[in-house]
Amino acid sequence: MGSGVGQGSGGGTGPKGGKWNTVACRLRIGSWDIGTLTGKSIELEKILQKRRVNIACVQESRWVGSKARNVDGYKLWFSGVVKGNNKVGILVDRELRESVVKIRWVNDILMAIKVIVGGSTLNVISAYAPQTSLDEEVKRRLWEALDEMVRGIPPTEKLFIGGDFNGHVQSSTGGYGEVHGGFNFGDRNGGCTSLLYFARAFELVIVNSMFPKREEHLVTFWSIVVKTQIDYLLLKRCDRGLCEHCKVIPIENLATRHRLLVMDVGILMKRKKRFVWDQSRITWGALSKDNAHELESRLTNMGALKSSGGR
């Protein structure tokens, strides 16, 4: 995560600064259905570090419990109640993990964290939507819980959602131009109609539909028989300008058919300027020959006086 520190300004001797500089901080947020965390945690950490992902939402971790665990350079919070169910988690890198101020474990398929970055409060939600073939009651509970979570976020705070929604939103906007940028892959199905309704209701945008990309950077699920897009990143429509980039990284597979999806956002941070001690300086540019002789004489006399005083 890059950031800068401004320099102090002003004249005179003594500490300078005390004012605030606004600097841009690049934050990379990812989402990845990893299949399972068992036997993969170290490899996952290496990939996230290599790809400079600061915060990663993961799905299908299959770890039981609502707790935290250190994974080399990252801290992982995961949520899972029933053994064998899907489970979700969120990883935060070394630089940000101490800035996490709240964790909310909801159930096996939904959890959230709150992070303070500079002067901004970020809410990050990791979600896993049941497959379209599952009971409608299960899917209804997911959307009701997600609805309740988002309603509880103050309008001044930022929101990022990463998840496997097991649905296709279609490559064209299809009447959802306010949430869909028109650069998705595949045909729409019932699984993502709920996602589109949800995004419209809460004035969100589907980030990976906003950037024109080659097919390999759009497809999030790839197998021998099918390639499609079912994993998404969302943010508030009013924060759309913060998002600088979004794409799939196809070459990192972690032995899963899902691909790592990332977006880069710019968060403005206020940093206090450093204190810089100013020292008196001699301007030599206006020194003439006569002045040089006079200065030499004065310095010689000063040396003699110091020498005399030391005996």
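Residues numbered from 1 in each chain as written. Predicted model: local features only at pLDDT ≥ 70, side-chain atom pairs only at ≥ 80, totals over all residues. Heavy atoms only, no water.

A. Quick peek at the overall build of the protein chain. Within the protein chain one finds four helices and 17 strands. The proportion of buried residues among the 311 residues of the protein chain is 47%. For the protein chain, the share of sequence-separated contacts (at least 6 apart) that also reach a separation of at least 24 residues comes to 66%. Surface summary for the protein chain: the accessible area is close to 15,900 Å², and the carbon and sulfur share equals 51%. (Helix = DSSP H or I, 4+ residues; strand = E, 2+ residues; numbered from the N terminus. Buried < 20%, exposed > 50% of the residue type's maximum accessible area, 1.4 Å probe, protein only. Contact = heavy atoms within 4.5 Å. Areas by Shrake-Rupley, 256 points an atom, 1.4 Å probe, with all protein chains shown as cover.)

B. Main features of the confidence of the model for the protein chain. The predicted model of the protein chain has a mean per-residue pLDDT of 80, with 74% of residues at 70 or higher. A low-confidence stretch, residues 1-17 stays under pLDDT 50, and its non-local contacts, those more than four residues away or across chains, total 44 contacts. (pLDDT = per-residue confidence, 0-100.)

C. Examining helix α1 (residues 41-50) more closely. Among the residues of α1, those classed as buried are L44, E45, I47 and L48. With its buried residues spanning 165° around the axis, α1 presents them on a single face. Exposed side of α1, more than 90 degrees from the buried face: K46 and K50 are the residues found there. Trailing α1 by a residue or two, R52 shows a phi angle of about 55°, which is positive. (Arc of directions from axis to C-beta.)

D. Structural detail: unusual backbone geometry. Phi is positive for D72, close to 55°, though the residue is something other than glycine. Take D72: it is sitting in the loop between β4 (65-71) and β5 (74-80). Positive phi, normally seen in glycine, also occurs at E203, with a value near 55°.

E. Spotlight on the nonpolar core. Core analysis: the biggest nonpolar cluster contains 59 residues, and I125, I161, F165, L234, M263 and V265 have the highest contact counts within it. V265 has contacts with C25, R26, L27, I29, F160, L235, L242, C243 and E244, leaving out every residue within four places of it along the chain. Counting 19 residues, the second largest nonpolar core, distinct from the first, contains V58, V71, I249 and V262. (Core = buried A, V, L, I, M, F, W, Y, C linked by side-chain atoms within 4.5 Å.)

F. Fine view of the pairing of strand β8 (residues 110-117). Burial analysis of β8 places seven of its eight residues in the buried class, the great majority of the element. The turn linking β8 back onto strand β9 (residues 120-128) is made up of two residues, and G118 within it adopts a positive phi angle of 60°. (Pairing = 2+ DSSP bridges.)

G. Quick look at the environment of D239. Note on placement: D239 falls in the loop between β14 (231-236) and β15 (243-249). A sequence separation of 34 residues divides D239 from V205, and the C-alpha atoms of the two residues are 9.2 Å apart.

H. Layout of helix α2 (residues 136-151). End to end, α2 covers 23 Å across 16 residues, agreeing with the expected 22 Å (1.5 Å per residue, within 8%). Within the span of α2, buried status applies to K139, L142, W143, A145, L146, M149 and V150. Along α2, the residues classed as buried sweep out an arc of 160° about the axis, all on the same side. Turned more than 90 degrees off the buried face of α2, the exposed positions are E136 and R151. (Expected span 1.5 Å × (residues − 1).)

I. Highlighting the sheet that holds β9. Spatial ordering of the open sheet is given by β7-β8-β9-β10-β14-β11, a layout of six strands whose pairing is mixed. Edge positions in the sheet fall to β7 (100-107) and β11 (204-206), since each has one partner strand and no second. Each adjacent strand pair in this sheet contributes to an overall mean axis angle of 20°, direction not counted. Sheet topology places β7 next to β8; six bridges connect them, and they run antiparallel. For K102, the partnering residue across the bridge sits in β8 and is K114. Running over the sheet, α2 touches β7, β8, β9 and β10 (158-164) and is turned about 20° from β8. (Axes fitted to C-alpha atoms, helices over the stretch in contact; angles between N-to-C directions.)

J. Inspection of the packing of aromatic side chains at higher detail. According to the stated counting rule, one finds four aromatic pairs in the structure shown. Judged by centre distance (5.9 Å) and plane angle (20°), the ring pair of W143 and F165 falls under stacked. Here W143 is found in helix α2, whereas its partner F165 is found in the loop between β10 and α3 (190-201), with 22 residues between them in sequence. Note on accessibility: W143 and F165 belong to one class, buried. By way of ring pairs, the aromatic residues W143, F165, F198, F202 and Y232 are connected into one cluster. (Phe/Tyr/Trp six-rings, centres within 6.5 Å; stacked < 30°, edge-to-face > 60°.)

K. Quick look at the pattern of salt bridges. Tallying each qualifying case throughout the model produces 13 salt bridges. Across the pair E252 and K50 runs a salt bridge, and its minimum N-O distance is 3.1 Å. In this pair, E252 is assigned in the loop between β15 and β16 (260-272) and K50 in helix α1, connecting sequence segments 202 residues apart. Among the charged side chains, a network of salt bridges with common partners joins R26, R28 and D264. (Salt bridge = Lys/Arg side-chain N within 4 Å of Asp/Glu carboxyl O.)

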